[in-house]
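One-letter residues, chain by chain:
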Amino acid sequence: MIGQKHRENPSDGLRSDRGSVEAALVMIPTILLFLGVLQLSGNVLSQSVSSNQVQGQISNLALLGSSNSGISSQSPSQPTASGPQTVSNEPLVTQRVPLPGGGYLIVGNKKELAPALSPMIIGHNSYSSIGIAVDENP
């Protein structure tokens, strides 16, 4: 058996390997990066969709002159509450500001809660969407 290579069973190499730390050192930062990017992209998408919806509701309010369901009107003289609020399902709050030449400037504000796609960002996941339109009806 001189000159012959010793063939060992491939499964013997797997049994002798007790594992390494390298896999964990690569996988943990990769998973954290993936979750961070997922949370960031989810927040950006949620904010852009919410701002488009608010702007659409305000534009419909200015064009049609009637409030849709779920839109509550607030006079400009009423102060807004500045304390902590629950922002899960708040309605759209609108303010009508009279313009000097006639008509109104309609400003809508809606507070939203960003979706929690990953546990990477804790707290401060609320944002506000604002829409502005001009109502030229007298």
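Refer to the structure printed above.
Because the structure is predicted, anything quoted here is derived from the model rather than measured.

Colleague: For the overall build of the protein chain, give the residues involved together with the corresponding values.
Modeller: When you go through the protein chain residue by residue, the secondary structure sums to two helices and four strands. Starting at the N terminus, the α and β elements of the protein chain follow one another as α-α-β-β-β-β. Counting over 138 residues, the protein chain shows a buried share of 20%. In the structure as shown, the protein chain presents an accessible area of about 10400 Å², 60% of it carried by carbon and sulfur atoms.

Colleague: Now, about the pattern of salt bridges: what can you tell me, with residues and values included?
Modeller: As enumerated under the stated definition, the model contains two salt bridges in all. The residue Arg96 makes a salt bridge to Asp135 at a minimum N-O spacing of 3.2 Å. Within this pair, whereas Arg96 is found in strand E2 (residues 92–98), its partner Asp135 is found in strand E4 (residues 126–135), the two being separated by 39 residues in sequence. Two residues, Lys110 and Glu112, come together in a salt bridge whose shortest N-O distance is 3.5 Å.

Colleague: Tell me about the pairing of strand E3 (residues 104–113), and please be specific about residues and values.
Modeller: For E2 and E3, the ladder comprises six bridges, and the chain directions are antiparallel. By the bridge assignment, Arg96 is partnered in E3 with Ile106. Linking E2 back to E3 in an antiparallel pair, the connection comprises five residues, with Gly102 at a positive phi of about 110°. Relative to E4, E3 runs antiparallel, the two being bridged by ten bridges. Paired with Tyr104 across the strands is Asp135, a residue of E4.

Colleague: An account of the side chain of Ser129 is needed here, citing residue identities and associated values.
Modeller: For Ser129, the position within the fold is in strand E4. Under the relative-accessibility criterion, Ser129 is labelled buried at 3%. Side-chain polar atoms of Ser129 contact the side chain of Ser50, separated by 2.8 Å. In this view, Ser129 contacts Gln47, Ser50, Ser51, Val54, Gly108, Asn109 and Lys110; residues no more than four positions away in its chain are not counted.

Colleague: I'd love a proper account of helix H2 (residues 22–64), names of residues and values included.
Modeller: For H2, built from 43 residues, the straight-helix expectation of 63 Å at 1.5 Å per residue is met to within 8% by its first-to-last C-alpha distance of 63 Å. Taken residue by residue, H2 has Gln39, Gly42, Asn43, Ser46, Ser50, Val54, Ile58, Leu61 and Ala62 as its buried positions. Buried residues belonging to H2 abut E2, E3 and E4. Backbone geometry just downstream of H2 places Gly65 in the positive-phi region, at approximately 75°.

Rules behind the numbers
- Residues numbered from 1 in each chain as written.
- Predicted model: local features only at pLDDT ≥ 70, side-chain atom pairs only at ≥ 80, totals over all residues.
- Heavy atoms only, no water.
- Helix = DSSP H or I, 4+ residues; strand = E, 2+ residues; numbered from the N terminus.
- Buried < 20%, exposed > 50% of the residue type's maximum accessible area, 1.4 Å probe, protein only.
- Areas by Shrake-Rupley, 256 points an atom, 1.4 Å probe, with all protein chains shown as cover.
- Salt bridge = Lys/Arg side-chain N within 4 Å of Asp/Glu carboxyl O.
- Pairing = 2+ DSSP bridges.
- Polar contact = N/O pair within 3.5 Å; in protein donor to acceptor, adjacent residues only side chain to side chain.
- Contact = heavy atoms within 4.5 Å.
- Expected span 1.5 Å × (residues − 1).

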